[in-house]
Amino acid sequence: MPLPYRGRGSRLASSRVASTSVHSPRRAGRGAPWSSHALRLTRRRHSSEQVPPGPEPQADFRSGKWLQEHAGGDARDSQQTARAAMGSRHRICSQEEVVIPCDPDNDSGSVDLQLSNLEDIKKDPSSLELTDSDIFDITGLSQESFIDSFRHLTQQGPVSEANVERLIQSIQEVFNGELQMLIEEEPLHSLFSSVRQEVFITIANLRQTFQAFSEMLQSLVVKDPHLENLDTIFKQMDPWLQSTKDHERERATASMAQVLKCLSRHLSLKLPLRFQRLGHFVALMALLCGDSVTEVAEEAAEGMHCLLHVTLRLKCTIYDKKNHPNLRRAMKKCQELLELYSIKQFYSCPFKIAQIFEAFLNSNELFQFVMTTLDGLENLKHPCTQKSAGELLITMVKNAESRFEKVPEIMGVICARLSIISQPRVRRQIINTVSLFISRPKYTDIVIGHLLCHPVPYDRHLAELWRTLEVELPSTTWILWRLLRKLQKCHNEPTHEKMAYVAVAATDALYEVFVGNRLQAATFRLFPQLLMTLLIQIHHSIGLTMSDVAVPSGLYTGQEMSSEVTPLCFAIQATKSLLLRTLCWQEFNIMEKNKGWTLLEGKECHLQGVSLLANALLERNHLLAQKVMYLLVPLLNRGNDKHKLTSAGFFVELLQSPVARRLPSIYSIVRLKDWLHHGNRVFKFLALRGLRYLIKHQDMREDIRSLLPCILDLLCETDEKIVLLAIQILLQLVGTMDFTTLTAMMKTLFTLFGDVRSDVHRLSMTLFGASIKSVKYTDKKGVENQVLDSLVPLLLYSQDENDAVAEESRQVLTICAQFLKWKLPQEVYCKDPWYISPSEAGTVCKFFGKKCQGKVNLLAQTLMFSKNAKLPIRRAAVLFVGLLLKYVDCSELRTKGTDWIENEIISIDLHLQPGFCGHLDLKALLHDPEPSLCIIASQALFRVQKVGAEPDSRQSIPG
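Bear in mind the structure is a predicted one, so any value in this text is a computation, not a measurement.

1. Looking at the packing of helix α27 (residues 527-541) against helix α33 (residues 641-654)
Here α27 crosses α33 at 130°, and the two axes come no closer than 9 Å. With respect to α33, the axis of α27 lies oblique. Of the two elements, α27 crosses α33, and the hand of that crossing is right-handed. Only K642, H643, L645, T646, S647 and F650 of α33 make contact with α27, whose side of the interface consists of L531, M532, L535, I536, H539 and H540. The residue makeup of the contact of α27 with α33, split by class, is 6 nonpolar, 5 polar and 1 charged.

This is the structure:
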């Protein structure tokens, strides 16, 4: 409802207008006098006063007499007289009694809620019986004192809506009609023009209009004291109560205080009750109690006093039983707070008012209260102190606990307000409100869910909120855990679908929380879960862009997302900040120094990055590593393949820890056994890696030995890493193998001699040598042929271009000689190639020709390597054939002929020698593009042909 504007000039011009005798409330209107407090909007004592006669003559602006009588005076006198007519707010100009509808027996300056009748409640709250008289006693109000004050108002009928509308219209016409145009046309110096006199008269009439308006509202309430009327009045007065103009807020507050006072005495509570805005009303009046204008605050305090009484009666009516537990608690809280504070203290601190009203408001009313308070915080021009508004908001949220039902709506308003409010104290109060909500287990998921439904990366306002959450220590772990669970649940989704937006948002939120450091204790406590979840998120995010994320529609309306924003960058940032926040500086340095972050981001090398971080943690912080290992025991069975692979990669590295032996077999060896049969080769690799770490524990070796058949099968894998790990494990177990397993393994290893994978070649020979050493004396005869068959390959591979392979060949050749009880010539260990030391090569050929006579066909074995993929091996084989002819049985050559050496295809098992290329004829090598091989081949062919041309010649092998 529009009220007449009153600026500084209008206050001065109209405060001392001539009085008109008023004999009844019906005549209250134009010309009615005001006391000094009436000029302050019928405030203060609220009692009927006998107005003493004033010395000033009665002025009548409606005629020209006033101007004529003072026209002859000097300017100073006329100015003083004008001020006397227009002026002070503190003088009284009436000779009649001014009827003000208020309580004559109640002095608002010393309002005190009587507590004497609450002693019984304090002693035995369960025996509380609430009646209207009880409520009046509690609030310091007596029914009788109100009835007399408003008796004169009951004599007149209620003001109709039509009359109210006409009143509004007339006021609007004054300010918007022709009179306004006339005022603008008047010269500024013409103070006493007839037009301006009419303005003064209008202002005076309007000021007596306000008194009538106030009395009209009170009359309406007295005649029809139902809550519906209060609801209607409040809806009309609401914008004026929230006005940024002091005088509008002052008048509206005074009117509502009078209405509430009337209603508190004459309230009729007949069902159904229709007051829908109690929460909004309580919040607004509480805000006004903290108003910077003293008059507004005092009027609001009076109104709150009466509103408390109205609310008590209202809630007593709503509850079927007057002994309702909620009401008893509310009454007890009311008693306790009023005992602690005096009335002056109570109403000077609005948040104390909220403590009382909180117990009486239902969930919808609480929502109204919070929304109204947030509006007060947002409006920075609002005269109420923002500190009071913030305290009001926090107090209500803290005390209401679990009675809020519209938390998402509240969170939506709060997030919208953050970008508008710039004052640090107000922002802190709003963030503290969010902290209170998020710390309540009932609302934690709701608040987190709402905060995660914002664009990432979070703007500075939401980032500040995440970083500065102010939560009590017991709640910090719960909040961080619930945020973590939001992310973990996303990892159970199938990998072929789009990534859930919640996963990206939660990752960004964790990053902001770690940077803010408000939840540090919880971060340490949940470090294992946080670390593994973020590593899994990294694995899920590799290669994805935001187009691969199921972003909710409309979330990025009007915004362009940078191409640099990816799910992976959020996950890496969060993981880095987690390490730094938990003081893992050395682990962070190891990752950075060894390009671990780059490894984590790679599709093919992600597990290498995981292993690097796990080993860094194991080396630098064994306690944390142990906690992660125990966490991973159940985690390995969850999620999809990416989830399990990252977890398995970290878990396996932690098996190096001494405490790994404490794990039950079902969580270690049995699990690794299952991975050996997994369809994914990565799991096979991880299983072997884990077994290699566990095999150092003697008490675990027996269980691992039972896996030998499966491990032996892995020697035939194409994946080099798997074969190498299998060989390394077998090297640890070779001494415990039975004869059957040992011989089967030696046959398999023989096929790996000459493998193009140099490490596989070398380690297969190493394991072969270890196998020979492990043969028991009684079983030597059974593996002798295998040892003899290995001599030529080992001898030729001692000429390999890879020094490590050549050296290992000589070492194993020594083991074979020891097994056969041979003493090798020193020339075997010569590192120079045979073709540059033919004499040394001849000595070696002579030794083996003699030792292997009748035991192995050295010539045939050597010819198999003449087509080896490696040039040094081919060259050594051809040279060896030529030299070996001097020391073989000539009668055998004459019997078989030499064609099979020159150009015949020898039928052999190609599977025994992977390096064999097919034809074994020396003639084909004469056209080899390598000159050294051609020359050596021609020399060998010459020797073969010479032997064939001299059948009568007899050569014996020298001793």
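2. Thoughts on helix α40 (residues 758-774)
Taking 1.5 Å as the rise per residue, α40 with 17 residues should run 24 Å; its terminal C-alpha atoms sit 24 Å apart, in good agreement. All of the buried residues in α40 are V760, H761, L763, S764, M765, L767, F768, G769, A770, S771 and I772. Tucked into the core, α40 has its buried residues touching α38 (720-733), α39 (739-750), α41 (780-789), α42 (791-797) and α43 (803-820).

3. Let's talk about helix α32 (residues 622-635)
Over its 14 residues, α32 extends 20 Å from the first C-alpha to the last, a length consistent with the 20 Å expected when each residue adds 1.5 Å. Next to the buried residues of α32 lie α27, α31 (606-620), α33 and α34 (669-676).

4. Regarding unusual backbone geometry
Note that the residue after V456, namely P457, is joined by a cis bond; omega there is -5°. Among the secondary structure elements, P457 is positioned in the loop between α22 (441-451) and α23 (460-467). Of note in the backbone geometry, N517 takes a positive phi value of approximately 65° without being a glycine. Relative to the assigned elements, N517 resides in the loop between α25 (501-516) and α26 (520-525). Residue class for N517 comes out partly exposed when judged on its relative accessible area of 27%. Positive phi, close to 65°, is recorded for L583, a residue that is not glycine.

About the cut-offs
- Residues numbered from 1 in each chain as written.
- Predicted model: local features only at pLDDT ≥ 70, side-chain atom pairs only at ≥ 80, totals over all residues.
- Heavy atoms only, no water.
- Axes fitted to C-alpha atoms, helices over the stretch in contact; angles between N-to-C directions.
- Helix = DSSP H or I, 4+ residues; strand = E, 2+ residues; numbered from the N terminus.
- Parallel < 35°, antiparallel > 145°, perpendicular 65-115°, else oblique.
- Left-handed = near helix turned anticlockwise from the far one by under 90°.
- Contact = heavy atoms within 4.5 Å.
- Nonpolar A, V, L, I, M, F, W, Y, C, P; charged D, E, K, R; others polar.
- Expected span 1.5 Å × (residues − 1).
- Buried < 20%, exposed > 50% of the residue type's maximum accessible area, 1.4 Å probe, protein only.

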